[in-house]
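If you want the building blocks of each chain, they are given just below.
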Amino acid sequence: MKEKKVFICSNCGHNSTKWEGKCSSCNEWNTYVEEIINRESATEKKKKTWQGPEKKTHKPILVQDVKHSTTPRLTLEDKELSRSLGGGIVPGSVILIGGEPGIGKSTLLLQLAIRSNFKVLYVSGEESAEQIKMRAMRIGLTNSSCHILTETNLTKILKQAQDLQPDIIIIDSIQTVSSPHIDSTPGSLTQVRDCTSDLQVFAKESNIPVFIIGHINKEGHIAGPKILEHIVDTVLQFEGDRNHIYRILRTKKNRFGSTDEIGIYAMEASGLKTVENPSELLLSQSDEQLSGTSVASTIEGLRPMLIETQALVSQAIYGTPQRSATGYDLRRLSMLLAVLEKRAGLFFGQSDVFLNIAGGIKVQDTAIDLSILASLISSLQDISVNSKICFAGEVGLTGEIRAVNRIEQRIEEAARLGFEQILISKYNMKGLSKKNYPIEVIPLSKIEDLVSQVFS
Ligand code: TYD
Ligand code: MG
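Residues numbered from 1 in each chain as written. Chains lettered and ligands numbered in written order. Predicted model: local features only at pLDDT ≥ 70, side-chain atom pairs only at ≥ 80, totals over all residues. Heavy atoms only, no water.

(A) The overall build of the protein, seen in detail. In terms of helices and strands, the protein carries 12 helices and 21 strands. Summarising its shape, the C-alpha atoms of the protein cover approximately 75 × 50 × 50 Å along the three principal directions. Each of the 456 residues in the protein was classed as buried or not, and the buried ones make up 51%. Across the protein, every contact between residues at least 6 apart in sequence was considered, and the portion connecting residues at least 24 apart equals 69%. Surface summary for the protein: the accessible area is close to 21,800 Å², and the carbon and sulfur share equals 51%. (Helix = DSSP H or I, 4+ residues; strand = E, 2+ residues; numbered from the N terminus. Buried < 20%, exposed > 50% of the residue type's maximum accessible area, 1.4 Å probe, protein only. Contact = heavy atoms within 4.5 Å. Areas by Shrake-Rupley, 256 points an atom, 1.4 Å probe, with all protein chains shown as cover.)

Pasting the structure below:
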């Protein structure tokens, strides 16, 4: 046995014999972590961690001769999870679910385990069997063949899985499992990466799908998930704000389906509920017209969602004005403020600016920009925006309102929810079919047009 000290980049997995400030492979700063590797040769290790069926030697075969397995996908009751996976679980696939601690990853997969009719092996290294039982009772236990295993040793886990032959395996979480053949602490980069590879080999050989839960922190930087993304077949990211009830399940990688799909949930007392019509929930129900709010017609994945944006602009009390944004990129907010100053002569320099996207949802769609501008101006001038108007447009550095994709879908969703006007980029008008929308479509080309349309 040989002991070796290496430095591994936690972003890309590149390793080096000495510490470096900047990774020479992915150019990220300060990502190297030290690890002691004390292991037998790689082949020996594989044999011990997972003693699967005798390895066959693979020979090249013609693609038309490849035996096409007809095992269908496992269909799920949870429509949102099923949608995110591209329509059910592919047998033998490895699915990584990443997310911040406390966001609801365990709840999501426990629900899958206890509400389906599959034979499930739920491996937990974080909670005791009693704790899981208590949670299961609260969520509603209906599956009579869900097995709980509290074990962290991967060799033992795979042995149990081999004996049980479940339809689905769930590992909660990858940071807690470890292989006794790697002399590195559980949760370390080497452990997490090698255990995932072993699970991938096991899944492919046994044709049993494996779900892996992985924690990430706010920066997405903790040992593991980044590197795991290359190994696994599907990566789902569970996001949201812990203080709000909405959660989005985003597909970041999928070897067996599109990455455009998202799942939407609401965290309630009895677990996660699927949300079919997000717009109806994300719009505030108040009839009062308040300044500083407006509605954006956004699209996340393939789904249109009308979301309220809220801004508060107030006189800064202390020297340096504060800027804060929830659910929206702070740098992009600074950019929009700069554009407003330069192109529309609206000054925010001496004001605190707070921005909030309703429901605690992180929006990636840039079409939300226009609504954010409207909310900012509305709060600055204390003039409310008519609640029957909604917005869809991206804002460029020169103050022009730029076209966004899937505009017709956005217009239709706004019309469906009873909006009377939608303000969009004039460049979007070209592609627009000439059909009559039950909503007035107003084209804008610059910020000035927004000001004159809405605030005069
Ligand atoms: P959990 O699934 O443990 O998160 P993770 O595995 O991602 O760390 O759930 C975290 C939170 O969800 C917990 O703080 C309480 C809340 N919760 C509910 O609101 N309702 C429920 O039915 C359950 C099970 C959890
Ligand atoms: Mg958990």
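(B) Fine view of the domain arrangement of the protein. As far as domains go, the protein holds domain 1 (2–42), domain 2 (75–276) and domain 3 (280–454). Once you take the C-alpha centre of each, domain 1 and domain 3 turn out to be 45 Å apart. (Domains from an automatic or database assignment.)

(C) A look at the pattern of salt bridges. Considering all chains together, one arrives at 16 salt bridges under this definition. Between E34 and K5 there is a salt bridge, with its nearest N and O atoms 3.7 Å apart. Placement of the pair is E34 in strand β3 (residues 32–39) and K5 in strand β1 (residues 2–9), with a sequence separation of 29 residues. Residue classification places E34 among the partly exposed residues on the basis of a relative accessible area of 44%. The shortest N-O distance in the salt bridge between D163 and K159 comes to 2.8 Å. Of this pair, D163 and K159 both sit in helix α5 (residues 154–164), four residues apart, which is roughly one turn of that helix. K159 gets classed as partly exposed once you look at its relative accessible area, which sits at 48%. Several salt bridges converge on common partners, so that one network encompasses E80, R83 and R303. (Salt bridge = Lys/Arg side-chain N within 4 Å of Asp/Glu carboxyl O.)

(D) Main features of the side chain of S82. As for its placement among the helices and strands, S82 is situated in helix α2 (residues 79–84). For S82, a relative accessible area of 14% translates into the label buried. Aside from chain neighbours lying at most four places away, what touches S82 is L76, G87 and G88.

(E) Region of interest: the sheet that holds strand β9 (residues 234–240). With mixed pairing, nine strands are arranged side by side in an open sheet as β6-β5-β7-β8-β4-β9-β10-β11-β12. Two strands bound the open sheet, and with one partner strand each, they are β6 (146–149) and β12 (271–274). Neighbour to neighbour, the strand axes of the sheet diverge by 25° on average, direction disregarded. Where strand β5 (residues 120–124) and β6 come together, four bridges link them in parallel fashion. What sits directly across from V120, in β6, is C146. (Pairing = 2+ DSSP bridges. Axes fitted to C-alpha atoms, helices over the stretch in contact; angles between N-to-C directions.)

(F) Main features of the side chain of E308. By secondary structure assignment, the location of E308 is in strand β14 (residues 303–315). Buried charged residue E308 carries no salt bridge. Nearest counter-charge: K388, at 12 Å. Side chain to side chain, E308 and Q310 meet in a polar contact 3.0 Å long. (Lys, Arg positive; Asp, Glu negative; His and termini not counted. Polar contact = N/O pair within 3.5 Å; in protein donor to acceptor, adjacent residues only side chain to side chain.)

(G) The site of ligand 1, seen in detail. Around ligand 1, the structure places 15 residues, and the nearest of them are G102, S106, T107, E268 and G271. Between ligand 1 and the protein, one listed contact pairs an oxygen atom with a side-chain N or O atom of S106 at 2.6 Å. In the environment of ligand 1, an oxygen atom lies 3.0 Å from a nitrogen or oxygen atom belonging to the side chain of R135. For ligand 1, whose accessible area on its own is 560 Å², the fraction buried by protein is 74%. Those elements giving two or more residues to the shell around ligand 1 turn out to be α3 (105–115), α4 (129–139) and β11 (262–268). Looking at side-chain class alone, the shell around ligand 1 contains four nonpolar, six polar and five charged residues. (Near = heavy atom within 4 Å. Nonpolar A, V, L, I, M, F, W, Y, C, P; charged D, E, K, R; others polar.)

(H) Structural detail: unusual backbone geometry. Look at the link from D172 to S173: it is a cis peptide, with omega at -5°. Assignment of secondary structure puts S173 in the loop between β7 (168–172) and α6 (189–206). The backbone phi angle of Q165 is positive, close to 50°, even though this residue is not glycine. Positionally, Q165 belongs in the loop between α5 and β7. Since its relative accessible area comes to 40%, Q165 is described here as partly exposed. Of note, the phi angle at D382 is positive, near 55°, even though the residue is not glycine. Along the chain, D382 turns up in the loop between α10 (369–381) and β17 (389–392). Judged by relative accessible area, which is 60%, D382 ranks as exposed.

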